[in-house]
Amino acid sequence: MKQLTVFIENRLGRLEEVTDILSKNNVNIICISLADTSDYGMLRMIVSQPDVAVEALQNNGFSAMLTDVIGLKLPHHFGTLKNVSGILSANGLDIRYMYALTSGENAAIVLKTSDNEKTREVLGEKYEFLRAEEAYNM
């Protein structure tokens, strides 16, 4: 699936500007993560229409881009995330970042790893992936 990443200055109202642009373009935010530094914030989102969103934000002066990420469904059991991170580590895959996403009965995470294709291979036998269409239509 595609993740929308937007770099925003740490100043009052900047997040509201982003959400206003998305709203005016009928783009729904499915899940969101915001990390900050002293000067800027990195806003990561799964949205209903990634291509529309990135174009609208760029046309309004925002630095925005799309990144391939993985949506992974996780059953609600103790140790599930530990098992996922163990499989990835054993296969030489580094988790660059992740954040939560709900997907009905299951929990889910959005992952960006050092090698998304290999991640799909090593987790595909044991875990179910969240299809982009499923996420975009939540």
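Look a little higher up for the structure.
The structure contained in this document is the topic of the report that follows.

What counts as what
- Residues numbered from 1 in each chain as written.
- Predicted model: local features only at pLDDT ≥ 70, side-chain atom pairs only at ≥ 80, totals over all residues.
- Heavy atoms only, no water.
- Phe/Tyr/Trp six-rings, centres within 6.5 Å; stacked < 30°, edge-to-face > 60°.
- Lys NZ or Arg CZ within 6 Å of the ring centre and 35° of its normal.
- Axes fitted to C-alpha atoms, helices over the stretch in contact; angles between N-to-C directions.
- Helix = DSSP H or I, 4+ residues; strand = E, 2+ residues; numbered from the N terminus.
- Parallel < 35°, antiparallel > 145°, perpendicular 65-115°, else oblique.
- Left-handed = near helix turned anticlockwise from the far one by under 90°.
- Contact = heavy atoms within 4.5 Å.
- Nonpolar A, V, L, I, M, F, W, Y, C, P; charged D, E, K, R; others polar.
- Buried < 20%, exposed > 50% of the residue type's maximum accessible area, 1.4 Å probe, protein only.
- Arc of directions from axis to C-beta.

A separate point is the packing of aromatic side chains. Enumeration over the complete set of coordinates arrives at one aromatic pair. Between R44 and the ring centre of Y97, over which it is positioned, the NZ or CZ distance is 3.5 Å.

Between helix 1 (residues 14-24) and helix 2 (residues 50-59), the least distance of the axes is 9 Å, while the angle of their chain directions is 125 degrees. When the axes of helix 1 and helix 2 are compared, the pair comes out oblique. Two packed elements cross with a definite hand, and for helix 1 against helix 2 that hand is right-handed. Residues V18, I21 and L22 of helix 1 pack against A53, A56 and L57 of helix 2. Of the residues belonging to the contact of helix 1 with helix 2, the class tally is six nonpolar, no polar and no charged.

Take helix 3 (residues 80-90) next. For helix 3, the set of buried residues is T80, V84 and L88. One face of helix 3 carries all of its buried residues, which in axial projection span an arc of 70 degrees. Along helix 3, the residues that are exposed and aim more than 90 degrees away from the buried face are K82, S89 and A90. Looking one or two residues past helix 3, G92 carries a phi angle of roughly 70 degrees, positive in sign.

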